[in-house]
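Observations on chain architecture
Listed below, chain by chain, are the residues.
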Amino acid sequence: MKDECILSIQSNQPKKVILDFRCVDFVDSTGIGFILARYKQCRLLQCELTLANLSPAHRTILGMSGLFQLIKEEVLE
Amino acid sequence: MNKVTFQFKSLMENESFARISACAFLMPLNPNVEEITEIKTIVSEAVTNAILHGYDNDPSQMVTLEIGYDYHGCVTILVSDEGRGIEDIDLAMEPLYTSKQEQERSGMGMTIMQTFSDSFNIYSKKDEGTTVVIQKQLQSTQE
């Protein structure tokens, strides 16, 4: 999934990437590493990266790294 | 007191087995949702460290996970490997420090384990291996 995501961003060069956590039931430091790496990838392509549908548990873990200072959260319909 | 020991190959696919088994074993204590998430995360981080850092992803090696609890809801988790060991534990404990930057690691594993546990200890010797010992008091079962 990681490689697919890297490739998809690289080949489509979108203006914006939203990582939707609706179906994600578990996040740990591996997830933080993945998000931060995609943030860097997007920044190089001048593309905005946001996170959506985070649960309170997701927010607790992700927040420990301080990544919300860099990456915005949004609510999807 | 109750206790269980698992031994599994150093393969990343066993990480989810480890965290799910740990929680299944603790079900008699009726942990709440938050406690379950925290224990899953602790186990995931410790097992990932053993596989990735202890053994450098060498699947011929074995990781040991030991979980015990008493009937006051005090849970003890031990994760050990016989891998390369940690040279500088203080450095490894620093938030955001990672020895594997190129693999998109966040360097948050130790911080997360520490945050979610009541007591957190690492015993490590170069080329002999690492054991992390974590204790966590479940509020839901505390008498």
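Residues numbered from 1 in each chain as written. Chains lettered and ligands numbered in written order. Predicted model: local features only at pLDDT ≥ 70, side-chain atom pairs only at ≥ 80, totals over all residues. Heavy atoms only, no water.

1. Points about the nonpolar core
- Judged by nonpolar contacts, the single largest core of 56 residues is most densely connected at Ile35(A), Leu51(A), Leu65(B), Ile67(B), Ile77(B) and Val79(B).
- Residue contributions to this core peak at 8 residues, all from helix H2 (residues 33-54) of chain B.
- Ignoring any residue separated from it by four or fewer positions in sequence, one finds Val79(B) in contact with Ala46(B), Val47(B), Ala50(B), Val63(B), Thr64(B), Leu65(B), Thr130(B), Thr131(B) and Val132(B). (Core = buried A, V, L, I, M, F, W, Y, C linked by side-chain atoms within 4.5 Å. Buried < 20%, exposed > 50% of the residue type's maximum accessible area, 1.4 Å probe, protein only. Helix = DSSP H or I, 4+ residues; strand = E, 2+ residues; numbered from the N terminus. Contact = heavy atoms within 4.5 Å.)

2. Focus on the packing of aromatic side chains
- This structure, assessed with the given rule, holds 4 aromatic pairs over all chains.
- Summarising the aromatic geometry, the rings of Phe8(B) and Phe17(B) are spaced 6.1 Å apart at their centres and angled 80 degrees between planes, so their arrangement reads as edge-to-face.
- A relative accessible area of 5% means that Phe8(B) is categorised as buried.
- Ring geometry for Tyr69(B) and Tyr71(B): centres 5.7 Å apart, planes at 85 degrees, overall edge-to-face.
- When its relative accessible area of 2% is taken as the criterion, Tyr69(B) is described as buried.
- Counting every residue linked through ring pairs, the aromatic cluster contains Phe6(B), Phe8(B) and Phe17(B).
- One Lys or Arg, Arg19(B), reaches over the ring of Phe26(A) and ends 3.8 Å from the middle of that ring. (Phe/Tyr/Trp six-rings, centres within 6.5 Å; stacked < 30°, edge-to-face > 60°. Lys NZ or Arg CZ within 6 Å of the ring centre and 35° of its normal.)

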